[in-house]
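The primary structure of each chain is shown beneath.
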Amino acid sequence: MKAIIVWFFVILLIPRADSNTYNDDFYAHADTDSVFVEGDSLIGLQNQEGFLQFIQGNVRVIYDSTQVTANQAIRNVTRRRASFIGEAELIDEGDTLRADSLDYDEELEVGRALGNVHMTDGEVTTTSPEGIYYLDQHRMEFSRGLVLEDSATTLIGETGLYWTEDKIADLAGNVEMKSEGVRMTADSLTHYRDRSISVARGSVRYLATSENDSTWVTGDRMEYNADDSLSVIQGTPLLIHLQHDSLSIDTLIIRAEFLRIQDQQKSSHLHASRNVRIWNGSLAALSDSMRYDRAESDSLENMWLYGQPFIWSNQIQLTGDTMKVVMKDGVMDSLFIWGNAFVAQEDSSIKRINQVKGQTLISTLEADSLRIFRVGPNAEAIFFSTNGEGLPDGAIEASGDEIRMQFEKDSLQTLTFSTDVQGTRYPENAVPDVLNLDGLQWDPSKRPVREQLLGQFLLWIQEWDH
C-alpha cells in the first residue's frame, strides 16, 4: 500500500459515530507543531481521549530534528503523545535510542523506552531493560539496571543517568567499573568520559593488575584518573601491593586516612597521610605521612616516613624525625634516620631494654640476617648484660662520637664506641631501678599487625567474584 504523508495539516478519515467503519469524507486537523507522519496505513479516530492516529507498517514520525521509527504506532494528536511498538528507534541529533517499544511525550520531548533498550551517542553504548530519554537535556535515565560501554571502559549499575552531550555517567547500586588492568566496585560512581575521571563513593573496592604485580585498594571514596593513572582514596583506605615472581610473593600493606597513587609507565608513586600504618614481611611502621617510590627497571623501592615515625624490624624498635627505608626484593636493605635517631631492643630473657641514640642512623643488611647500625654524632647507649646462665649481670651507660651495633636477627652481638668514649659500668646490685636514655618511646603495642590492618579484607576477597 502506498505510504501516506501528512505535513502540518494531517488529513484523516472521519469515523461515523459509534462505528469502526469509515466513509470517503476527509477531515483536516491541525497539529500544534510541524509533524511528518509516514506508514503503510494510517487510520484516524476521534473519541473521548482525543484525536488518535493508528499507523501500521514502516512507521516513521519526524518532530523537527527528532525522528522515530517502528513497526506500528498510536498517536494522540490532541494530547500530543505517541506510543511506538516493535523495533522502535528514536534518533535525536547524534543520539540513537532503540527498544521494543517507546512511549513519547511530544510536548515535553520525553521518551520512555521498554524492553531491550539500547542507547548510543556514537561513542558510548548503554543497554538496559528500561529507560527514559529527556531530549532537551540529552539525558537518559535508567531505573532497572544498565551496562554502559565505550572503547576503554565498562560500567554496570542497578540505576543510572547518562548525559550524552556532557558525556557524564552517574550510577548507583552495586556499581562495577572495568577497564584494561583495572576493576572497581562501589555503592555509587560518577564517570566523566571527556576527562577519563571516575569518582566512586561508598564501599569502594579497586584492583589493578599487571604482569608481575597487583594492587588492591579499599576505602570510602576514590577518584581515579585513567589518563594519568592517578588515584586518590579517602576514608581510612587500605592498600595491599603484591609483587611476585616464580619463587615468592612480596606483600606490602598500608592503612591511612588518605592515599594518593600514581602508576606511570615505568614507575609507581604513593603518598599516604594521617595515621599511616605499614606492614610487610621484614618490617612494620607507623608515621604521620609517607612517600613510596618504585621503578620497574630497579629492584629497589624507597619509602620515606615523616612526622615522628616508628619502625619495627624483628624485635628492634627505631624512632626519629625523618626516615628513609630502601627495600630490595621485599626486604629492608638499608635504613636512614635524620634527627633524634633512637634504637631500642628488649632483651627478652631479662625483660630489659637496650638503647642507643644519636643525631643520625645508618643501617645496612650485611647478610641474610646480619644487620649493622651506625649511630652518631653525639651517640649515647645503655646496654644490659647477662651472665653465663642468662641472668641479669649489670649494665653499661656510655657515650661517644659514634656507636656501631651488630645484630644477628634481633640479638645484639657487639656494641662498639669510637672517639671520645665515656661511660659507667653498673654491677647488678647497683643498676638503677629506672635506667633510660632521654627520648625513649618504647611501646610495642603501637606496632602494626598484619591481621589488624587487613580487617575484613580477606572476607571481601572471597566475595569479590560472587
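If you're wondering where the values come from, they're calculated on a predicted model, not measured in any experiment. (Residues numbered from 1 in each chain as written. Predicted model: local features only at pLDDT ≥ 70, side-chain atom pairs only at ≥ 80, totals over all residues. Heavy atoms only, no water.)

**As for the nonpolar core**
Then step 1. Counting 83 residues, the largest nonpolar core has Phe 84, Ile 254, Met 290 and Leu 318 as its most contacted members.
Then step 2. Considering each element in turn, this core owes the most residues, five residues, to strand β30 (residues 331–347).
Then step 3. Look past the residues within four positions of Ile 254 in its chain and what remains in contact with it is Pro 237, Leu 238, Leu 239, Leu 259, Leu 270, Ala 272, Val 276, Arg 277, Ile 278 and Met 290.
Then step 4. Counting residues in each nonpolar core, the second largest holds eleven residues, with Ala 395, Tyr 426, Val 431 and Leu 437 among its members. (Core = buried A, V, L, I, M, F, W, Y, C linked by side-chain atoms within 4.5 Å. Buried < 20%, exposed > 50% of the residue type's maximum accessible area, 1.4 Å probe, protein only. Helix = DSSP H or I, 4+ residues; strand = E, 2+ residues; numbered from the N terminus. Contact = heavy atoms within 4.5 Å.)

**A short note on unusual backbone geometry**
Then step 1. The peptide bond linking Gly 376 to Pro 377 adopts the cis configuration, its omega dihedral lying at -10 degrees.
Then step 2. Positive phi outside glycine occurs at Lys 167, with the angle close to 60 degrees.
Then step 3. Taking the relative accessible area as the measure of exposure, Lys 167 reaches 18% and is therefore buried.
Then step 4. Its identity is not glycine, yet Asn 275 carries a phi of approximately 55 degrees, on the positive side.
Then step 5. Turning to its location among the elements, Asn 275 is positioned in strand β24 (residues 267–280).
Then step 6. The exposure class assigned to Asn 275 is partly exposed, which follows from its relative accessible area of 43%.

**Remarks on empty space enclosed by the protein**
Where empty space is left in the structure can be found by rolling a water-sized probe over the atoms.
Then step 1. Evaluation of the coordinates by the stated rule reveals three cavities of 30 Å³ or more.
Then step 2. Looking at the largest cavity, its volume works out to about 90 Å³.
Then step 3. Taken together, His 241, Gln 243, Asp 250, Thr 251, Leu 252, Asn 280, Tyr 292, Glu 301, Met 303, Met 327 and Gly 330 make up the full set of residues lining the largest cavity.
Then step 4. Where the lining of the largest cavity is concerned, the elements lending two or more residues are β21 (238–244), β22 (249–255) and β26 (300–306).
Then step 5. It is β22 that provides the largest number of residues to the lining of the largest cavity, a total of three residues.
Then step 6. Estimates place the volume of the second largest cavity at around 50 Å³.
Then step 7. Lining the second largest cavity, in full, are Val 343, Ala 344, Gln 345, Asn 354, Gln 355, Val 356, Ile 382, Phe 383, Met 405, Phe 407, Leu 412 and Leu 415. (1 Å grid on protein atoms, 1.4 Å probe; cavity = no way out; pocket = protein on both sides within 12 Å on 5 of 7 lines; lining within 4 Å. Points joined across faces, edges and corners; volume = space filled by probe spheres on them.)

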